[in-house]
Structures are given as C-alpha cells and as structure tokens.
Number of protein chains: 2
Amino acid sequence: MNATIINPLLHGLRQIFRRGWLLAVWGLLLVSGNAAAQAKDQLVRLAKLEIHPAQLASYKAALKEEIETSLRVEPGVITLYAVAEKDNPNRITILEIYASQAAYKLHIQTPHFLKYKVGTKEMVKSLELIETVPVVPSAQVKQ
Amino acid sequence: MNATIINPLLHGLRQIFRRGWLLAVWGLLLVSGNAAAQAKDQLVRLAKLEIHPAQLASYKAALKEEIETSLRVEPGVITLYAVAEKDNPNRITILEIYASQAAYKLHIQTPHFLKYKVGTKEMVKSLELIETVPVVPSAQVKQ
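Summary of the structure given here. (Residues numbered from 1 in each chain as written. Chains lettered and ligands numbered in written order. Predicted model: local features only at pLDDT ≥ 70, side-chain atom pairs only at ≥ 80, totals over all residues. Heavy atoms only, no water.)

### Things to note about the environment of glutamate 65 of chain B
Residues and elements named next belong to chain B. The cut-off we apply is this: Secondary structure elements follow DSSP: runs of H or I no shorter than four residues count as helices, runs of E no shorter than two count as strands, and numbering proceeds from the N terminus. With a 1.4 Å probe rolled over the protein chains alone, any residue whose accessible area is under 20% of its type maximum counts as buried; one over 50% counts as exposed, and the rest are partly exposed.
Within the secondary structure, glutamate 65 is located in helix H2 (residues 56-73). Under the relative-accessibility criterion, glutamate 65 is labelled partly exposed at 40%. As for glutamate 65 and isoleucine 108, which are separated by 43 residues in sequence, their C-alpha atoms are 15 Å apart.

### Examining helix H2 (residues 56-73) of chain A
The test is simple: One less than the number of residues in a helix, times 1.5 Å, gives the span that helix is expected to have.
With 18 residues, H2 of chain A extends 26 Å between its outermost C-alpha atoms, agreeing within 8% with the 26 Å of an ideal straight helix rising 1.5 Å per residue. For H2 of chain A, every residue scored as buried is listed here: Leu56, Tyr59, Leu63, Glu66, Ile67, Thr69, Ser70 and Leu71 of chain A.

### Some points on the packing of H2 of chain B against helix H4 (residues 111-119) of chain B
Residue and element names in this part refer to chain B. Which entries qualify depends on this criterion: Inter-axis angles, ranging from 0 to 180 degrees, are taken between N-to-C directions of lines fitted to C-alpha atoms, where helices are fitted over the stretch in contact. Relative orientations are named as follows: roughly parallel for angles under 35 degrees, roughly antiparallel for angles over 145 degrees, roughly perpendicular for angles from 65 to 115 degrees, and oblique for any other angle. Crossings are sorted by hand: turned counterclockwise from the far helix by less than a right angle, the near helix makes the crossing left-handed, and turned clockwise it makes it right-handed. Should any heavy atoms of two residues lie within 4.5 Å, those residues are counted as being in contact. Gly is put with the polar residues, along with every residue not named as nonpolar or charged; the nonpolar set is Ala, Val, Leu, Ile, Met, Phe, Trp, Tyr, Cys and Pro, and the charged set is Asp, Glu, Lys and Arg.
Taken N-terminus to C-terminus, the directions of H2 and H4 make an angle of 165 degrees; their axes are 9 Å apart at the nearest point. The orientation of H2 relative to H4 falls into the category roughly antiparallel. The chirality of how H2 crosses H4 is left-handed. In this structure, H2 uses Tyr59, Ala62, Leu63, Glu65, Glu66, Thr69, Ser70 and Val73 to contact H4, whose residues at the interface are His112, Phe113, Lys115 and Tyr116. Looking at the contact of H2 with H4 residue by residue, the class counts come to 6 nonpolar, 3 polar and 3 charged.

### As for the interface of chain B and chain A
We count it as follows: Here the buried area means the combined drop in accessible surface, using a 1.4 Å probe, for two parts upon being joined, counting both sides. The salt bridge definition used is simple: a Lys or Arg side-chain nitrogen within 4 Å of an Asp or Glu carboxyl oxygen.
The interface of chain B with chain A comprises 42 residues on the first partner and 42 residues on the second. Carbon and sulfur atoms make up 64% of the surface buried where chain B meets chain A, a total of about 3700 Å² over both sides. When the area that chain B buries against chain A is broken down by residue, the three leading residues are Tyr81, Val135 and Lys142 of chain B, summing to 20%. Counting every contact that joins chain B to chain A gives 0 salt bridges. Counting residues per element, the ones that place at least two in the side of chain B that touches chain A are strand S1 (43-51), H2, strand S2 (77-85), strand S3 (91-98) and strand S4 (124-134) of chain B. Along the lines of polarity and charge, the residues of the side of chain B that touches chain A split into 25 nonpolar, 8 polar and 9 charged.

Don't take any of this as a statement about function, it's just geometry.
Structural data, given as structure tokens:
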C-alpha cells in the first residue's frame, strides 16, 4: 500500500484512539457519578424470618422463584440476597437493596411478589423488617 | 483499493468474526460453568456486632477502610456488605462472601484485616459469627 492509502488510514486510527480515550473518561465520570447518586437513594434493609420447619422446602422454592423473577424483571431491585443459618436452617435473613423508595413500592405491587406473599403467608412463623443504613455505600459485590 | 488488497482483507475479517463467535460461545460456557462452581465453594456468613456507642464513628471508619481495601486487593473477597440498624445504630450486620475457605484463610492473614481486628478490639462490645447457606446461590447483585 502506498502513502495515499496509509496516511488517511493512520489519521483515521489516530482520531478513533483520541475520541476513544475521551469517551472512556466521560463514561467513567458518568458511571461513578451515577453510582454515588444511586447509592444515596437506595433503600437497604434486613428481613429476618422464621419458617415453620415442615414447610421449609416449599418456602425456599417460593422465595427462590420470587427472587429470581424480581432480579430479572425489575431494574429497581438491586439485590435480594437470602441466607439460611447453618445451625438453625429455619431462620432466614434477606439483605434487600432497592434503587429507591419508589422502586420498593413498585416491587410490592408486582404479581410475582404478591404470589410469593400470599403463597407463603402460612409458612412464615415470624417476620422482622429492620431498616438499615449501609456503612460503605459504595461497597461492591463481585459477580 | 483494488481486489488484491480488498479480498485478503475481507477474508481476514470473515475469519475474525467466525472465530469471534466461537470464542464468545466458549467464553459464555466457561463463565457460566465457573460461576456455578464458584458459588458452590463460597463461604457465606453473617457477622453481627454491637459497638460501644462512644466509639461508633472510629469503628465505622476502620471498618470502611478494611472493606474497601479487601475488595480492592483480594480477588477472593466477593463482598463485605455492612449495614447499621436505623433504630439501633450501634448494631452492625456484615454479609460476608468469600470465594472459598482458602480465600477466607488468606483474608484473615492480610495486614489490612489484622490492622482492623487489632485496632477495633476495644470498640466491639459483642461479635456473633453465623455460618449460612445461600438460598439462591446464583442470586446476583446489580452494580
């Protein structure tokens, strides 16, 4: 290839790299700004449940379905992370993070949440909802 | 540009796209397989702490530093997500997820963990570690 082909090609590549860097910097600024703003509005709480032992398997299946559907279809549900205690498997704790109060209000009106809530009503022995404040709002979870 | 330049160029691009697809599919299989395998090995627990009220601010600063450093430098620390109860700010719960038992053992030998542990010893009124099993091992947290 001669200079009439190579020179415009090199010029084009240079332009792409220059703009690429600018875009990358803008992108990072936007993402970090949004992350901070989003974390500020988040609703973070712990749900502590005790389940009737005979219905634990049914309860867990219903919870699993509800969590998987919420995470898949609701952008405002940041996480629902549920754990069962090894020594007391009937005791479940759920870390709930919603993008905002509005996202939470939407969540509790969804068909999948209502199905879970009504379907597991008799399985739940006790439920305690604890409103919390994250200690490190920017803390990440690796996927 | 004439055919002697364009044809090999098009051929090369076709090869790249073909291999690209294959690589993408292999990549997805590897990632999803790894995610399932990784979730199986994870060590997931809740740490429940009560902090002496007069030292709450110092404790939170130390915890924040420890969490941020761990997430930044330890690939095996999946998350350390700490919340304080709104109605009892001295009560802190930390959801801890480590990639494996080995990752946890490494974590508690790091200088930043030891600094936190020693530095906050007198600030902590009580500490309860609850070993847990995730109800939905594949549950994701959106960033």
